[in-house]
Amino acid sequence: MTGASLPWTHPPVKVGLVGAGPWARAVHARVLAAGPETQLTAVWARRSEAARETAAPYGAEVAERFEDLLDTCEAVAFAVPPSIQAELACRAAEAGKALLLEKPLALDLPSAQRLVDAVDAAGVVSQLVLTSRYNPATRQFLAAAQSVDAVGARACMVTGAFLGGEFATPWRLEHGALLDLGPHVLDLLDAAMGPIVRVRGTGDPRRWIELTCEHASGAVSQASLSGSVNVEQGITRIELFGPQPELVYDGAALDHEESWPVLRREFATNVRTGKPGELDVHRGLHLQTLMAQALGT
């Protein structure tokens, strides 16, 4: 059995959810309510009707205020725009709550740093929802990458999500693919080829942006990002090149349903042990730093 399928012997972690949009409904509420590692206790959102619709299928409470949500839980999950997350997650950390955070941590590096400082000062557990990183196929790719002496890589993550639909949200349309898709690609390139120490960006994040990454090993990788192109199906692909045959990662072929039990189990385990994993706010800050470099800020 995998770690996520072993019996859970601890009390479920009581989690409050901030947000009631499409991602909150499709993923956070459903996954957290499924247990047994977690229990969805309450939902808070600016639109109370949306919060009720999100909470009702799982018998969770609807919090009238953010402070009321904090009273119901020991951990808080966020499914809101990064500017709101950065503000409210600081308050949740100060209240001693563990944090399940979306990427990016914030809209800018100073805000991300303030969140990291708040988490460190409070000593609470944090974890990032970097979806593919919890998928068994991704972990197999990253394990295989450790034996590849890669000198270069190319990556591509392009979708038409910003052209219309539920995820063409104001913050994504304003800030573009770097903040939305960049954390996924930069995280995978960094994990597969070693730490990225410098990033240069070219293009418009709202249309198409190219990233050139220099790794501590001396290797170089490049990534193409766009959420504004008309493709039949989103493309996520990474290719590592070196003396050995190329190693290819096809993220579009992943079954994301395999990620959620792993994410839930690892978050609950981290909360119960008080020990954050690799994908915590410090990982988020590293990614935010790289994105700021790409923007020249």
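Residues numbered from 1 in each chain as written. Predicted model: local features only at pLDDT ≥ 70, side-chain atom pairs only at ≥ 80, totals over all residues. Heavy atoms only, no water.

Caption draft 1: Local environment of the overall build of the chain. When helices and strands are tallied, the chain shows 10 helices and 12 strands. Its C-alpha atoms give the chain principal-axis dimensions of roughly 55 × 45 × 40 Å. In the chain, buried positions account for 53% of the 297 residues. As displayed, the chain has an accessible area near 13000 Å², and 52% of this comes from carbon and sulfur atoms. Separation of charge centres in the chain, based on 25 positive and 34 negative side chains, amounts to 1 Å. (Helix = DSSP H or I, 4+ residues; strand = E, 2+ residues; numbered from the N terminus. Buried < 20%, exposed > 50% of the residue type's maximum accessible area, 1.4 Å probe, protein only. Areas by Shrake-Rupley, 256 points an atom, 1.4 Å probe, with all protein chains shown as cover. Lys, Arg positive; Asp, Glu negative; His and termini not counted. Charge placed at Lys NZ, Arg CZ, Asp CG, Glu CD.)

Caption draft 2: A look at the sheet that holds strand β6 (residues 126-128). Read from one edge of the open sheet, 6 strands run β3-β2-β1-β4-β5-β6, paired in parallel fashion. Looking at the sheet topology across the chains shown, the edges are occupied by β3 (61-62) and β6. Where strand β2 (residues 38-44) lies against β3, 2 bridges are found, and the strand directions are parallel. By the bridge assignment, Val 43 is partnered in β3 with Val 62. (Pairing = 2+ DSSP bridges.)

Caption draft 3: Quick look at the packing of helix α8 (residues 177-193) against helix α10 (residues 281-295). At a minimum axis separation of 10 Å, α8 and α10 run at an interaxial angle of 115 degrees. By the angle between their axes, α8 is roughly perpendicular relative to α10. The handedness of the crossing between α8 and α10 is right-handed. In this structure, α8 contributes Leu 178, Leu 179, Gly 182, Pro 183, Leu 186, Asp 187, Asp 190 and Ala 191 to the contact, and α10 contributes Arg 283, His 286, Leu 287, Gln 288, Leu 290, Met 291, Ala 294 and Leu 295. (Axes fitted to C-alpha atoms, helices over the stretch in contact; angles between N-to-C directions. Parallel < 35°, antiparallel > 145°, perpendicular 65-115°, else oblique. Left-handed = near helix turned anticlockwise from the far one by under 90°. Contact = heavy atoms within 4.5 Å.)

Caption draft 4: A look at the layout of surface pockets. What the largest pocket holds in volume is close to 1300 Å³. If you go around the largest pocket, you meet 50 residues; those closest to its centre are Trp 23, Lys 103, Phe 167, Arg 172 and Asp 180. Of all the secondary-structure elements, those providing two or more residues to the lining of the largest pocket are α1 (22-34), α4 (82-94), α7 (170-175), α8 and β11 (235-241). When its residues are assigned to classes, the lining of the largest pocket shows 29 nonpolar, 13 polar and 8 charged. Approximately 160 Å³ is the volume attributed to the second largest pocket. The wall of the second largest pocket is formed by Ser 126, Gln 127, Arg 133, Tyr 134, Arg 139, Leu 142, Glu 266, Asn 270, Gly 277, Glu 278, Leu 279 and Asp 280. (1 Å grid on protein atoms, 1.4 Å probe; cavity = no way out; pocket = protein on both sides within 12 Å on 5 of 7 lines; lining within 4 Å. Points joined across faces, edges and corners; volume = space filled by probe spheres on them. Nonpolar A, V, L, I, M, F, W, Y, C, P; charged D, E, K, R; others polar.)

Caption draft 5: Expanded view of the pattern of salt bridges. Using the criterion set out here, one finds 20 salt bridges in the structure. A salt bridge links Glu 166 to Arg 25; its shortest N-O distance comes to 3.8 Å. With a gap of 141 residues between them, Glu 166 in the loop between β7 (152-158) and α7 and Arg 25 in helix α1 connect regions that are remote in the sequence. The residue Asp 180 makes a salt bridge to Lys 103 at a minimum N-O spacing of 2.7 Å. Of the two residues, Asp 180 sits in helix α8 while Lys 103 sits in the loop between β5 (98-101) and α5 (109-122), which places them 77 residues apart along the sequence. Assessed through its relative accessible area of 8%, Asp 180 is described here as buried. The exposure class of Lys 103 is buried, given its relative accessible area of 11%. Taken together, the salt bridges that share partners define one network made up of Arg 133, Asp 187, Asp 190, Glu 278 and Arg 283. (Salt bridge = Lys/Arg side-chain N within 4 Å of Asp/Glu carboxyl O.)

Caption draft 6: Summary view of the packing of α5 against α10. At a closest axis distance of 10 Å, the pairing of α5 and α10 adopts a crossing angle of 165 degrees. The angle between α5 and α10 places the two elements in the roughly antiparallel class. Crossing of α5 over α10 shows left-handed handedness. Taken together, the residues of α10 that come into contact with α5 (itself represented by Leu 109, Ala 112, Gln 113, Val 116, Val 119 and Asp 120) are Val 281, His 282, Leu 285, Gln 288, Thr 289 and Ala 292.

Caption draft 7: Representation of the side chain of Arg 264 within the structure. Note that Arg 264 resides in helix α9 (residues 259-273). For Arg 264, a relative accessible area of 10% corresponds to the buried category. Residues contacting Arg 264, with those up to four places away along its chain left out, are Val 31, Ala 34, Gly 35, Glu 37 and Thr 38.

Caption draft 8: Representation of the nonpolar core. Core analysis: the biggest nonpolar cluster contains 101 residues, and Phe 78, Leu 211 and Leu 240 have the highest contact counts within it. Looking at which element gives the most residues to this core, the answer is α8, with 11 residues. Those residues in contact with Leu 240 that sit more than four places away from it in its chain are Phe 141, Ala 145, Ala 150, Gly 152, Ala 153, Ala 192, Met 193, Glu 246 and Leu 247. (Core = buried A, V, L, I, M, F, W, Y, C linked by side-chain atoms within 4.5 Å.)

Caption draft 9: Spatial organisation of α5. Compared with the 20 Å implied by 1.5 Å per residue over 14 residues, the 20 Å span of α5 between its first and last C-alpha is a close match. Residues of α5 that are buried: Ser 111, Ala 112, Leu 115, Val 116, Ala 118 and Val 119. Buried residues of α5, seen end-on, are gathered within an arc of 160 degrees and therefore sit on one face of the element. Exposed and oriented more than 90 degrees from the buried face of α5 are Arg 114 and Ala 121. For α5, the elements touching its buried residues are α4, β5, β6 and α10. Two or three places before Ser 111, at the opening of α5, Asp 108 has a side-chain oxygen 2.8 Å from that residue's backbone nitrogen. Phi turns positive, to about 70 degrees, at Gly 123, one or two residues after α5. (Expected span 1.5 Å × (residues − 1). Arc of directions from axis to C-beta. Polar contact = N/O pair within 3.5 Å; in protein donor to acceptor, adjacent residues only side chain to side chain.)

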